[in-house]
Amino acid sequence: QVQLVESGGGLVQAGGSLSLSCAASGRTISGYAMGWFRQAPGKEREFVASLNFSGGNLVYADVVKGRFTISRDNAANTMYLQMNSPKPEDTAVYYCASDETRWRMAGRAPSDFGSWGQGTQVTVSS
């Protein structure tokens, strides 16, 4: 399995911006679909965004469309999430994940993703 480590989380004011990174090691992620998920206290894991192996197929949860941007740099074995205009309700632990079973199309279901990072906390203040 690939090992994933998220970074870039922290405290940000509503309307600001924050960029998260997911560094992969152990195996290349160039052939995998990748995704970002989040989990707030007391709530279940929630899909945020995903993309296919090349980054040409992008999928977003409705609540983040127009505000968040998912991207990847396969040469750097890294995936990113650019968070623009975050809201307090975006506060959560953000996890990156890889889907080793798919490459052409990205999915939304957490069960499709086999490898997960440990998460990075994002707190949005008003």
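Up top is the structure these notes are about.
Residues numbered from 1 in each chain as written. Predicted model: local features only at pLDDT ≥ 70, side-chain atom pairs only at ≥ 80, totals over all residues. Heavy atoms only, no water.

1. Observations regarding the overall build of the protein
Part 1 of the argument: Scanning the protein for helices and strands turns up zero helices and 11 strands.
Part 2 of the argument: Starting at the N terminus and ending at the C terminus, the protein contains elements arranged as β-β-β-β-β-β-β-β-β-β-β.
Part 3 of the argument: Rg of the C-alpha trace for the protein: 13 Å, near the compact-globule value of 14 Å for 126 residues, within the 12% margin.
Part 4 of the argument: Split by element, the accessible area of the protein, about 6,100 Å² in all, is 48% carbon and sulfur.
Part 5 of the argument: Considering the protein, the positive charge centre built from 11 side chains and the negative charge centre built from 10 side chains are found 4 Å apart. (Helix = DSSP H or I, 4+ residues; strand = E, 2+ residues; numbered from the N terminus. Rg over C-alpha atoms; globule rule 2.2 N^0.38 Å. Areas by Shrake-Rupley, 256 points an atom, 1.4 Å probe, with all protein chains shown as cover. Lys, Arg positive; Asp, Glu negative; His and termini not counted. Charge placed at Lys NZ, Arg CZ, Asp CG, Glu CD.)

2. Describing the sheet that holds strand β8 (residues 78–84)
Hydrogen bonds between backbone groups are what pair the strands of a sheet, and the pairing can be parallel or antiparallel.
Part 1 of the argument: On the basis of which strands lie adjacent, the open sheet formed by four strands has the order β1-β3-β8-β7 and antiparallel pairing. Single-partner strands in this sheet number two, and they are β1 (3–7) and β7 (68–73). Adjacent strand axes in the sheet meet at a mean angle of 15°, parallel and antiparallel pairs treated alike. (Pairing = 2+ DSSP bridges. Axes fitted to C-alpha atoms, helices over the stretch in contact; angles between N-to-C directions.)

3. Concerning the state of the cysteines
When the sulfur atoms of two cysteines share a covalent bond, that bond is a disulfide.
Part 1 of the argument: Following the criterion strictly, the structure yields one disulfide and no others.
Part 2 of the argument: Two residues share a disulfide in this structure: Cys22 and Cys96, whose sulfurs sit 2.1 Å from each other. Taking the sign of the S-S torsion, about 60° here, the bridge from Cys22 to Cys96 comes out right-handed. Here Cys96 lies in strand β9 (residues 92–99) and Cys22 lies in strand β3 (residues 17–25), a separation of 74 residues in the sequence. Assigned by exposure class, Cys22 and Cys96 land together as buried. (Disulfide = S-S within 2.5 Å. Buried < 20%, exposed > 50% of the residue type's maximum accessible area, 1.4 Å probe, protein only.)

4. Things to note about the pairing of β3
Part 1 of the argument: By the alternation rule, side chains of β3 split into Leu18, Leu20, Cys22 and Ala24, which are all buried, and Ser17, Ser19, Ser21, Ala23 and Ser25, of which none is buried.
Part 2 of the argument: With five bridges connecting them, β1 and β3 associate as antiparallel partners. Bridging across to β3, Val5 finds its partner in Ala23.
Part 3 of the argument: Judged from the seven bridges that link them, β3 and β8 form a sheet pairing that is antiparallel. In the strand pairing of β8, Leu18 is matched with Met83.

5. Considering unusual backbone geometry
Part 1 of the argument: Although it is not a glycine, Asn77 adopts a positive phi angle of roughly 55°.
Part 2 of the argument: Assignment of secondary structure puts Asn77 in the loop between β7 and β8.
Part 3 of the argument: Asn77 sits in the buried class, given a relative accessible area of 14%.
Part 4 of the argument: A positive phi angle, near 50°, is found at Ser85, a position not held by glycine.

The analysis is restricted to geometry; functional conclusions fall outside its scope.
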